[in-house]
Every structure is written in C-alpha cells, then in structure tokens.
Amino acid sequence: MRKCIITVLGKDQVGIIARVCDYLAGANINVLDISQTIVDGYFNMMMVVDVSAADRDFSVYAGDLSRLGEDIGLNIRCQRSEIFEKMHRL
Amino acid sequence: MINIYEVNETNQMIDEENLDVRTITLGISLLDCVDTDLDRLCGKIYQKITATAERLVSTGEEIEREFGIPIVNKRISVTPIALVGASACKSPEDFVAIAKTLDRAALKVGVNFIGGYSALVSKAMTKSDEDLIRSIPEALACTERICSSVNVGSTRTGINMDAVRLCGQIVKDTAEATKDRDSLGCAKLVVFCNAPDDNPFMAGAFLGVTEGDAVINVGVSGPGVVKHAIEKVRGKGFEELCETIKKTAFKITRVGQLVAGEASRRMGIPFGIIDLSLAPTPSVGDSVAEILEEIGLSQVGAPGTTAALAMLNDQVKKGGVMASSYVGGLSGAFIPVSEDKGMIDAVQAGTLTIEKLEAMTCVCSVGLDMIAIPGKTSAATISGIIADEMAIGMVNQKTTAVRLIPVIGKDVGETAQFGGLLGYAPIIPVNEADCSAFISRRGRIPAPIHSFKN
C-alpha cells in the first residue's frame, strides 16, 4: 500500500466530496478514510487514499486535483503520508 | 492513523510559518580527479560533478512535489580544491581556472552554489594552500556560484596566525574585487576554526577528506515554526518553554530526515548527516532574532540575549538529535545579520553591536556571520576580529567562523544590498584601535592545554 493524504480547504459548497471522489475513482485511487469538519462555513477535509494501483503518475493526479480545486474555488493538495507520520509519530 | 489536526498543523507550518528544508547538499569527492595537467584536471572535475549531480535538482523537485515541503536549495560541496589542485596548479591563476570549471559545472546541473573552494591550513600552509588562498579574490569576482572557505585553526592544532594575517588581506582584496556589487564576494568567503567535514550549509560547505565518494547531507530550518510554537507558552516557566522548543525541533528535524532518506534512496548515494540548524532568511517570520524576542527580550542584543540564545541552541539540539539517525555539520542556531530581519532591525536601532554578536557566537553556531563593516576597515583589524573569533572556537572546542563584508565605498549609517537569501545589512561600527603589531607576529598560537586529551 502506498498512502497519500489529500486535504481540501475552502468555502463549503454542494458536491465537494463527490467531485474529488469522482476523480479518484477515475484514476483507480482507493479512499481509505475521510474526516471532515466545517467551521464558520469553511470546509476542511482530509482523505487517506491508497495510490498503489493508480493508473497515472503522482505529478499527474496531484496536478489534476490541484486544478480541480482551482475550478471550484478550493485549495486541494495531495501529499505522500510519510511527511505527517514522520513528524507526528515516533 | 494520522488525524486531521496533525495534518493541518504540518501544512500550517509549511504555509504560514516558513517550514522548509533549507538545503540538500551533495558532497562529491574530487580526489580521484587529481592530475598533473591543469586542463585534464579541469576536464575530470567537470565530468565527475556533472555526472554525479545530474539528478540532484530533479530529485529535489520530485520530493518537494510529493511531500509538499519546499526544499529551498540544492547545492554541491567538493573536496577542498587546495588538495585537488596541488599537483596541477603552479600559481593562483591556475586555481582560478578550476574555479571557473566549478562554476560551469554548477550552472550545468542547476545548483545555485558550489562550496569547497577551500584550504585547510589550521597548522601551516603548503604552497598550494597559499596559492589557492591568494586566488580567492579573483576566483570570487569572476564566478557566480563558488563559495570559498579557509580553516585557519582548531582546538588540536592552535591558530595559524600567518593564515589569519593573510585572510584579513584576502577579505579586503575580495571586497575590492567585487566593490561594484557592494563587495558581494565576501558573502561567499568564510574563515573557520574547527570546520566540520560534513557541513551542508554555504558558504562554508566542503567535503572533508574523511568522507566517502559522494554523500547527501541535509540542512533543516524553521525559525518561524519555533517562534509560533513558543507564542503559546508566553509568560510560562523555562521548563515549559524548553519542552516546547524541543518538541518543535524534533518535528522539524523529522521532516529533514525523511527528505534526506528519500534523496539518498532515489539518487543511490549514501545519507551522511542532518544539520539541525535554525537558519533564518530576510523574510518576516523566518528570524532567529524574533524567537529571542518572543522568549522575552525587547530586542535582540539586550542584556539576556546570550543566555536566551544558549538555551535556544541547546534545546534545538536536544530535540533534534533523537529525530535523526546521524547529526552533524554545524547544528545550532545561525545568527547571520544580513539574512535575519530581526538582526537587521536591531543593528539599525543600535541595540546589537559587533561585540555583543561576538559574545553570542560563544554559545551558538557559528560565528560573526554576514556582518557588513565599513569599507575603510584595515586588513589588520579584520585579521584581529578573525583571530578573536578563532580563539573562541579553539578554546571552547566548537566551530566558529567569520564572514565579514567590508563594503568598499560605504560607511556606518549606510546599507549594503546583497539580494536574495543573502539579504541586506546596515553597516556596523568596528573598534578601530590598532592591532597590527599583534597581527604581524609570525607563526601560530599553540593549541590550548585542554586539547591534550589522550
């Protein structure tokens, strides 16, 4: 398994999760976990995904997700999970 | 599993608190390039650097993209050129030919600096060492990416005062040779005592002769992250303050360890060390001075500065050391004046003097760093300042360094502009009482008594 963390930040609106998941399904990326909060109308989501079976390169899906975010006015970024695990776990 | 708060904390450090990996420095040994013919030597040096470092920049960029962490610089350090060029170079001009080769190789692989135009002369100088040192002004004036250093002392050998005297003159000559750019050449020239072999930070990086053929060393940073973390313990006791700094240093260093491991694996080059340093930049919120001010000083330079810095430096090491498998380099808090907004402001306000900076260097890495002084300062005075700083390193068994910029044509009250990460610096007054009779004595200062540890 090769895990990535996708974070989505921005103003809440209809269909954010649907659009992100739609793209992930198309790229053969499996969603393992989703957590989400909304504070003062601001949407804050973290998805843990498995990219080991992805049908395209990291730079392609990370770039596509970032552009998808720009289209709907949100900040979407995809990072390898090790940066968080290394920083917060012994 | 990682939770959303931890993910947000990491990304906030990157987005708002300037967390970055300051440099991936690829050390390349040039000992196998040695040749008696200068052209052949230059050809082999160019070949070896461009082949070994071919994927350095692209690998760094890949890691940046995948982990979402900026890696500000990708750089190269090489074996001290005084050794590499010893059999081919018959004059300072010959060494300049090697400098130009290094500059071309750096341009080709896309790194912004290449360190190792260096000589290690802590006890005495060979002819080759002296030729290299004498070539520094011309080498730094006619290249863009070369960084130069001279190690003139160590706890084990004492201080080579002949080299100190020569380096004072060389600093002055380098300033003259680059006076059209506010004496920028001096920003790329460091004089060391106890220089480490595995320092990834410029301008003093070189690959020591005790190192392997190639090695990846990584320098982490993050003054803004530490500043933000300790804002939350304002008014609390030292125990809580120190714990907070240690925890933050641990987190920062873990990122460096991850990046170093990835770079090493992807390039197939062994990982050397992580340098746990708080390295500032001229941007607001990326300043070591601001940390000291958050600890409780109205401005850096106030009484208490040395104690606060000593504590900060120690906690950074204690927190970072467990986060990395190998720690080395300079590891501590850097206090380069021109590269730290808080330091610049304190010099401008007159709160921070060169004497206070000297005291601060006793308790942190590295030394009198990126300090602009009046262009009229004499070579003997510069040598005197170097000798003082070297003595601090020698006696305290630590690395110290001097990177002074006598800005030709400018005086106290004016500002020197170096640009980019090198920043800008108000010119600081220097004690001009004459020390030339001391500096003109020949020979070396013997090693201190506590160096005899066998």
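Values in this document were obtained by computation on a predicted structure and should not be read as measured data.

Colleague: Which residues make up the overall build of chain A, and what values go with them?
Modeller: Counting its secondary structure elements, chain A contains 3 helices and 4 strands. The C-alpha radius of gyration of chain A comes to 13 Å, within 12% of the 12 Å expected for a compact globule of 90 residues. Structurally, chain A occupies a C-alpha span of about 35 × 35 × 20 Å along its principal axes. In chain A, which comprises 90 residues, the proportion classed as buried is 31%.

Colleague: Pulling in residues and values, what's your account of the overall build of chain B?
Modeller: From N to C terminus, chain B includes 15 helices and 14 strands. Taking 22 Å as the expected radius of gyration for a compact globule of 454 residues, we find that chain B reaches 21 Å, a close match to that expectation. Taken over the C-alpha atoms alone, chain B extends approximately 60 × 50 × 50 Å along its principal axes. Buried positions account for 60% of the 454 residues belonging to chain B. Within chain B, counting contacts between residues at least 6 apart in sequence, those at least 24 apart form 80% of the total.

Colleague: Got a sec to walk through helix α14 (residues 379-396) of chain B? Specific residues and values, please.
Modeller: For α14 of chain B, built from 18 residues, the straight-helix expectation of 26 Å at 1.5 Å per residue is met to within 8% by its first-to-last C-alpha distance of 26 Å. Of all the positions in α14 of chain B, only Thr381, Ile382, Ser383, Gly384, Ile385, Ile386, Ala387, Glu389, Met390, Gly393 and Met394 of chain B are classed as buried.

Colleague: Please give an account of the packing of helix α10 (residues 288-295) of chain B against helix α12 (residues 341-349) of chain B that cites residues and values.
Modeller: Working note: a packed helix pair is described by the angle between its axes plus the distance between those axes. Residue and element names in this part refer to chain B. Two elements in contact, α10 and α12, have axes separated by 5 Å at closest approach and are oriented at 75 degrees. Looking at the two axes, α10 sits roughly perpendicular to α12. Where α10 abuts α12, its residues Ala289, Glu290 and Glu293 lie against Gly342, Met343 and Ala346. Residues of the contact of α10 with α12, tallied by class, amount to 3 nonpolar, 1 polar and 2 charged.

Colleague: Can you lay out the confidence of the model for chain B for me, pointing to particular residues and giving the numbers?
Modeller: When pLDDT is low, close inspection of the predicted coordinates is not appropriate. Residue-level pLDDT values for chain B average 95, and 100% of them are 70 or greater. The ipTM assigned to the predicted complex is 0.91, against a pTM of 0.93.

Colleague: Which residues make up the interface of chain A and chain B, and what values go with them?
Modeller: Every contact between the two is made by 22 residues of chain A and, on the other side, 18 residues of chain B. Breaking the side of chain A that touches chain B down by element, the ones donating at least two residues are β1 (3-11), β2 (30-39), β3 (42-50), α2 (58-71), β4 (74-80) and α3 (82-88) of chain A. Broken down by element, the residue count for the side of chain A that touches chain B peaks at 7 residues, all from α3 of chain A. Looking at the side of chain A that touches chain B residue by residue, the classes come out as 8 nonpolar, 8 polar and 6 charged.

Colleague: Lay out the sheet that holds β2 of chain A in plain terms, naming residues and giving numbers.
Modeller: Residue and element names in this part refer to chain A. A sheet is described by the order of its strands in space; here 4 strands give the open sequence β2-β3-β1-β4, paired in antiparallel fashion. On the outer flanks of this sheet lie β2 and β4, each paired with one strand and no other. Put simply, the sheet's adjacent strands are angled 15 degrees from each other on average, direction ignored. Alignment of β1 against β3, held across 9 bridges, turns out to be antiparallel. Each residue of the ladder has a partner; that of Leu9, found in β3, is Asn44. Against the sheet, helix α1 (residues 16-26) engages β1, β2, β3 and β4, with an angle of about 150 degrees to β1.

Colleague: Tell me about the environment of Lys86 of chain A, and name the residues and values.
Modeller: Take Lys86 of chain A: it is sitting in helix α3. The exposure class of Lys86 of chain A is buried, given the 21 C-beta atoms found within 10 Å. Leave out the neighbours within four places in its chain, and Lys86 of chain A touches Arg254, Val255, Gln257 and Leu258 of chain B.

Colleague: Go over the packing of helix α7 (residues 161-177) of chain B against α14 of chain B with me, naming the residues and quoting the values.
Modeller: Residues and elements named next belong to chain B. Packing of α7 against α14 brings their axes to within 8 Å, and their N-to-C directions diverge by 130 degrees. Judged by the angle between their axes, α7 and α14 are oblique. When you trace α7 past α14, the crossing you get is right-handed. Across the interface between the two elements, Met161, Val164, Arg165, Cys167, Gly168, Gln169, Val171 and Lys172 from α7 touch Ala379, Ala380, Ile382, Ser383, Ile386, Ala387 and Met390 from α14. Here the residues of the contact of α7 with α14 are counted per class, giving 10 nonpolar, 3 polar and 2 charged.

Colleague: Please give an account of the pairing of strand β2 (residues 71-78) of chain B that cites residues and values.
Modeller: All names here are of chain B. With 6 of 8 residues buried, β2 is to be regarded as a mostly interior element. With 7 bridges connecting them, strand β1 (residues 21-28) and β2 associate as parallel partners. Counted as the bridge partner of Thr25 is Arg75 from β2. When β2 meets strand β3 (residues 114-120), the two strands line up parallel, connected through 2 bridges. Residue pairing in the sheet places Ile76 in a bridge with Ile114 of β3.

Colleague: Quick one: what's the story with the confidence of the model for chain A, residue by residue and with numbers?
Modeller: Averaged over chain A, the pLDDT score is 94; the fraction of residues at 70 or greater is 100%. At the level of individual helices and strands, chain A shows its lowest average pLDDT in β2 of chain A, which scores 92, and its highest in β4 of chain A, which scores 96.

Colleague: Lay out the nonpolar core in plain terms, naming residues and giving numbers.
Modeller: Formed by 177 residues in total, the largest nonpolar core has its most connected members in Val152, Val259 and Ile371 of chain B. If near-sequence neighbours (up to four positions away) are discounted, Val152 of chain B is found in contact with Val121, Ser122, Ile159, Asn160, Ala163, Val164, Cys167, Val191, Phe192, Cys193 and Met390 of chain B.

Colleague: Account for helix α13 (residues 354-361) of chain B, with residues named and values stated.
Modeller: Residues and elements named next belong to chain B. Every buried residue of α13 is listed here: Leu357, Met360 and Thr361. Along the axis of α13, the buried residues cluster in a sector spanning 100 degrees; they form a single face. Each element contacted by the buried residues of α13 is listed here: α11 (305-321), β10 (368-374), α14 and β11 (400-407).

Colleague: Break down the pairing of β2 of chain A for me, citing the residues and quoting the values.
Modeller: All names here are of chain A. Judged from the 9 bridges that link them, β2 and β3 form a sheet pairing that is antiparallel. Looking across to β3, one finds that Asn30 is bridged to Asp50. Hairpin connection of β2 to β3: 2 residues between the antiparallel strands, including Asp40 at a positive phi of 50 degrees.

Colleague: Quick rundown of unusual backbone geometry? Include the residues and the values.
Modeller: Where the residue is not glycine, phi is negative for most of them; where a peptide bond is considered, it is trans in most cases. Residue and element names in this part refer to chain B. The omega angle of the peptide bond from Met202 to Ala203 is 10 degrees, so this bond is cis rather than trans. Tracing the backbone through its elements, the reader meets Ala203 in the loop between β6 (189-193) and β7 (214-220). With a phi angle near 30 degrees, Ser331 is a residue other than glycine that sits in the positive phi range. C-beta crowding within 10 Å serves as the criterion here: with 26 such atoms nearby, Ser331 is assigned to the buried category.

Colleague: Go over the environment of Val225 of chain B, please, and point to the residues and values.
Modeller: All names here are of chain B. Mapping Val225 onto the fold places it in helix α8 (residues 223-231). Note: C-alpha distance between Val225 and Ser287 (62 residues apart in sequence) is 10.0 Å. Here Val225 is in contact with Met13, Glu17, Leu19, Thr248 and Ile252, once residues within four sequence places are set aside.

The rules behind each value
Residues numbered from 1 in each chain as written. Chains lettered and ligands numbered in written order. Predicted model: local features only at pLDDT ≥ 70, side-chain atom pairs only at ≥ 80, totals over all residues. Helix = DSSP H or I, 4+ residues; strand = E, 2+ residues; numbered from the N terminus. Rg over C-alpha atoms; globule rule 2.2 N^0.38 Å. Buried ≥ 20, exposed ≤ 12 C-beta atoms within 10 Å, placed from the backbone. Contact = placed C-beta atoms within 7 Å. Expected span 1.5 Å × (residues − 1). Axes fitted to C-alpha atoms, helices over the stretch in contact; angles between N-to-C directions. Parallel < 35°, antiparallel > 145°, perpendicular 65-115°, else oblique. Nonpolar A, V, L, I, M, F, W, Y, C, P; charged D, E, K, R; others polar. pLDDT = per-residue confidence, 0-100. Pairing = 2+ DSSP bridges. Left-handed = near helix turned anticlockwise from the far one by under 90°. Core = buried A, V, L, I, M, F, W, Y, C linked by C-beta atoms within 7 Å. Arc of directions from axis to C-beta.

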